[in-house]
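Given next are the chains, with one letter for each unit.
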Amino acid sequence: SAVISQKPSRDICQRGTSLTIQCQVDSQVTMMFWYRQQPGQSLTLIATANQGSEATYESGFVIDKFPISRPNLTFSTLTVSNMSPEDSSIYLCSVDRANTGELFFGEGSRLTVL
Amino acid sequence: GESVGLHLPTLSVQEGDNSIINCAYSNSASDYFIWYKQESGKGPQFIIDIRSNMDKRQGQRVTVLLNKTVKHLSLQIAATQPGDSAVYFCAERSGFNKFYFGSGTKLNVKP
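Structural notes, computed from the coordinates. (Residues numbered from 1 in each chain as written. Chains lettered and ligands numbered in written order. Predicted model: local features only at pLDDT ≥ 70, side-chain atom pairs only at ≥ 80, totals over all residues. Heavy atoms only, no water.)

Think of a ball as big as a water molecule: rolled over the atoms, this probe shows where empty space is left. What the largest pocket holds in volume is close to 360 Å³. Lining the largest pocket are 22 residues, and of these Gln37, Gly40, Ile90 and Arg110 of chain A together with Gln38 of chain B sit closest to its centre. Of all elements in the fold, only strand S9 (89–96) and strand S11 (109–113) of chain A together with strand S8 (86–94) and strand S10 (105–110) of chain B reach the threshold of two or more residues within the lining of the largest pocket. For the lining of the largest pocket, the element with the highest residue contribution is S8 of chain B, accounting for 3 residues. When its residues are assigned to classes, the lining of the largest pocket shows 8 nonpolar, 10 polar and 4 charged. Space inside the second largest pocket adds up to approximately 210 Å³. (1 Å grid on protein atoms, 1.4 Å probe; cavity = no way out; pocket = protein on both sides within 12 Å on 5 of 7 lines; lining within 4 Å. Points joined across faces, edges and corners; volume = space filled by probe spheres on them. Helix = DSSP H or I, 4+ residues; strand = E, 2+ residues; numbered from the N terminus. Nonpolar A, V, L, I, M, F, W, Y, C, P; charged D, E, K, R; others polar.)

Rendered as structure tokens:
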């Protein structure tokens, strides 16, 4: 399985500010995915981060709110912009294993917006 | 597809009993399914997977059943242990390598 590291693991943020979450993988991967998990709920796909092209966003998520970077095959960032308390969630980075399609997750970044 | 819900359904079982966790998926074109276990404060952990050309797959103490006719998955855990207590999610692969998650079930194992 891939080793996925996320930073920060948790943070408390003020309303109106922005926070960038980093995701580092120990091997090169084609696709990286960002998910959101609101308190007590399931995982919702935010976007797919592809190296060399713009991220592909799911319905209900927009680039202005969740800008994503993918500068190389082992790293991606997700920014949560102009945060409100409704953005309090766990944000999870995931990657797929190329030859089998299995999806692996990092430990997530738990954001609390006051 | 986005899963919406304020409360996860809970399954309580006695240690040593078998557990069955169910999941309905939404896309009949989904070709691959994974069950995940998520413990408090951690990311989802891969348990077992199954491709759409199969209807059953067994692992160590776990079995996944797939019924494509009714778009239903189940996860069976044999001889459930306290360490199995967690939230369990099914995920379906639709589109180009995108996974969408079910609403989840909280498994509570009583000693």
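The subject of this paragraph is the interface of chain A and chain B. At the interface, 24 residues of chain A touch 27 residues of chain B. Together chain A and chain B conceal approximately 2,000 Å² of surface at their shared face, both sides included; 49% is due to carbon and sulfur atoms. Remark: the boundary between chain A and chain B carries 1 salt bridge. Of the charged contacts in the structure, one is a salt bridge between glutamate 58 of chain A and lysine 98 of chain B, with a shortest N-O distance of 2.9 Å. Connecting chain A to chain B are 7 residue pairs in polar contact (both at pLDDT 80 or more). If you list the elements that add at least two residues to the side of chain A that touches chain B, you get strand S4 (31–37), strand S5 (43–50), S9 and strand S10 (103–105) of chain A. (Contact = heavy atoms within 4.5 Å. Buried area = accessible area lost by both parts, 1.4 Å probe. Salt bridge = Lys/Arg side-chain N within 4 Å of Asp/Glu carboxyl O. Polar contact = N/O pair within 3.5 Å; in protein donor to acceptor, adjacent residues only side chain to side chain.)

Our next topic: the side chain of glutamine 6 of chain A. Residue and element names in this part refer to chain A. Relative to the assigned elements, glutamine 6 resides in strand S1 (residues 4–7). A distance of 3.3 Å separates a polar atom in the side chain of glutamine 6 from the backbone nitrogen of glycine 108. Only 3.0 Å separates the side chain of glutamine 6 from the side chain of serine 109, close enough to count as a polar contact. Aside from chain neighbours lying at most four places away, what touches glutamine 6 is Ile21, Gln22, Cys23, Trp34, Tyr91, Leu92, Cys93, Gly106, Glu107, Gly108 and Ser109.

Before going further, it helps to spend a moment on the packing of aromatic side chains. Taken as a whole and assessed by the stated rule, the structure comprises 12 aromatic pairs over all chains. Aromatic pair tyrosine 36 of chain B and phenylalanine 101 of chain B: ring centres 5.4 Å apart, planes at 35°, arrangement tilted. Of the two residues, tyrosine 36 of chain B is situated in strand S3 (residues 32–38) and phenylalanine 101 of chain B in strand S9 (residues 98–101); the sequence distance between them amounts to 65 residues. Side by side, tyrosine 36 of chain B and phenylalanine 101 of chain B carry an identical accessibility label, which is buried. Three or more aromatic residues joined by ring pairs form one cluster here, namely Tyr35, Phe104 and Phe105 of chain A together with Tyr36, Phe46, Phe89 and Phe101 of chain B. Above the plane of the ring of tyrosine 32 of chain B lies arginine 51 of chain B, whose end atom (NZ or CZ) is 4.2 Å from the centre. (Phe/Tyr/Trp six-rings, centres within 6.5 Å; stacked < 30°, edge-to-face > 60°. Buried < 20%, exposed > 50% of the residue type's maximum accessible area, 1.4 Å probe, protein only. Lys NZ or Arg CZ within 6 Å of the ring centre and 35° of its normal.)

Cis rather than trans, the peptide bond between lysine 7 of chain A and proline 8 of chain A has omega equal to -5°. Topologically, proline 8 of chain A is positioned in the loop between S1 and strand S2 (10–13). In this structure, asparagine 82 of chain A is a non-glycine residue whose phi angle is positive, near 45°. Residue position: asparagine 82 of chain A is located in the loop between strand S8 (75–80) and S9. Take asparagine 82 of chain A: its relative accessible area is 53%, and that puts it in the exposed class. Notably, alanine 79 of chain B is not glycine yet its phi reads approximately 45°, a positive angle. By the secondary structure assignment, alanine 79 of chain B is in the loop between strand S7 (72–77) and S8.

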